[in-house]
Amino acid sequence: MTRSNAPLFSVLDLASITQGSSAAVSFRNTLDLARRSEQWGYHRFWLAEHHGMPGIASSATSVLIGHVAGGTSKIRVGSGGIMLPNHAPLVIAEQFGTLESLYPGRIDLGLGRAPGSDQAVSRVLRRGLGAGGENFPELLAELRAYFQPDSAPANGIVRAIPGEGLNVPIWLLGSSGFSAQLAAKLGLPFAFASHFAPDYLMPALELYRSNFRPSATLDKPYAMVGVGVTAADSEREARRLATSQQQAFLNMIRGRFGQLPPPVDSMDGLWTPHEEAALNRQFGFAVVGDKEQVRERLKGVIESTGADELIIASQIFDHGARLRSYEIVAEVGRELQS
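Residues numbered from 1 in each chain as written. Predicted model: local features only at pLDDT ≥ 70, side-chain atom pairs only at ≥ 80, totals over all residues. Heavy atoms only, no water.

This part is about unusual backbone geometry. In this structure, Gly81 follows Gly80 across a cis peptide bond, with omega equal to 5°. Its identity is not glycine, yet Ala15 carries a phi of approximately 50°, on the positive side. According to the relative accessible area criterion, Ala15 is buried, its value standing at 1%. (Buried < 20%, exposed > 50% of the residue type's maximum accessible area, 1.4 Å probe, protein only.)

This brings us to the pairing of strand β9 (residues 309–313). Moving residue by residue along a regular strand, the side chains alternate between the two faces of the sheet. The element β9 is largely enclosed, with a buried count of 5 among its 5 residues. Across the two faces of β9 the burial is the same, with Glu309, Ile311 and Ala313 and Leu310 and Ile312 all buried. Sheet analysis places strand β1 (residues 8–13) next to β9, joined by 5 bridges and oriented parallel. Paired with Phe9 across the strands is Leu310, a residue of β9. The sheet contact formed by strand β7 (residues 223–231) and β9 spans 5 bridges and is parallel. For Gly226, the partnering residue across the bridge sits in β9 and is Ile311. (Helix = DSSP H or I, 4+ residues; strand = E, 2+ residues; numbered from the N terminus. Pairing = 2+ DSSP bridges.)

A separate point is the pattern of salt bridges. Tallied over the full model, the rule gives 18 salt bridges. Between Glu331 and Lys291 there is a salt bridge whose closest N-O contact spans 3.3 Å. On the criterion of sequence distance, the pair formed by Glu331 in helix α11 (residues 319–337) and Lys291 in helix α10 (residues 291–305) is long-range, its members being 40 residues apart. According to the relative accessible area criterion, Lys291 is partly exposed, its value standing at 25%. When salt bridges that share partners are traced, they join Asp233, Lys291, Glu292, Arg295, Arg324, Glu327, Glu331 and Glu335 into one network. (Salt bridge = Lys/Arg side-chain N within 4 Å of Asp/Glu carboxyl O.)

A few words on the packing of helix α1 (residues 23–40) against helix α2 (residues 61–70). Between α1 and α2, whose axes approach to 9 Å, the crossing angle comes to 45°. As the angle between them shows, α1 and α2 are arranged oblique. Here α1 and α2 pass one another in a crossing that is right-handed. Contacts between α1 and α2 pair Phe27, Thr30, Leu31 and Ala34 from the former with Leu64, His67 and Val68 from the latter. In terms of residue class, the contact of α1 with α2 is made up of 5 nonpolar, 2 polar and no charged. (Axes fitted to C-alpha atoms, helices over the stretch in contact; angles between N-to-C directions. Parallel < 35°, antiparallel > 145°, perpendicular 65-115°, else oblique. Left-handed = near helix turned anticlockwise from the far one by under 90°. Contact = heavy atoms within 4.5 Å. Nonpolar A, V, L, I, M, F, W, Y, C, P; charged D, E, K, R; others polar.)

Keep in mind these numbers describe shape, not what the thing actually does.
This is the structure in structure tokens:
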């Protein structure tokens, strides 16, 4: 699928905690990246809910969104996403109603149905809320009703203040077909996490587009595609920087969760042939290289997916190198849009 216009470019930040660092440093780096992303012309800056992970500091996602929105002036800020089954919908409506009241016209509410962690953490988070995400459609309907009680099933006497009557854009996020079909049915924008589930990208986009029903929110489908990008001034440096995320994933499949490790010159000797094959498949959609290579690869992604928007995820150990990676991608985005 091709598109005539270049998509918007946005940022997904996991607030990574690097080896030997702290959450406090991560939050300073997140705000610095957000401010520079605003200067470089990125459209939105999203943060993701994860729990119990030593290398990710964005567990209190709504709080961190407020920190970023308060430290910037025009870039949209939101969740990519809030894992709705972890929360009472009323609480999310109040939190995002508060954020929208503080930073009007700049807040997005992206929603997912995964736990954002392992089953042990899920059981603690979802105590009294249900064991899984099977009731996600019902939770979503309740949440939407708090924002627009006149156009959705009534919630009785319970009201979300602040929240009621506010226009907080809701996105559905996913890494399979479930959210794609639900977003299509409800006429909502859809974001696919292809940076960690590349095999299901094209089927999910087809499900979304072929089943889309126009709504008061959208008259036609709007698809965002997540892309993992590691860019540098040379291909060799980009490939070296990318080994931090490769090591992190390798540790994860071995059941070892830790902080984001520093890069290495080569992964040889660190993985088995089976693990190497698993990582190559996991990162098959990743974009790694210098500016020209990144431009050509992103052009291919845009042409094959027809994405309306790309959201870029870059887990890079050194903050300066991460800034440079996003700066290169922003340059590519401007060139493609010109």
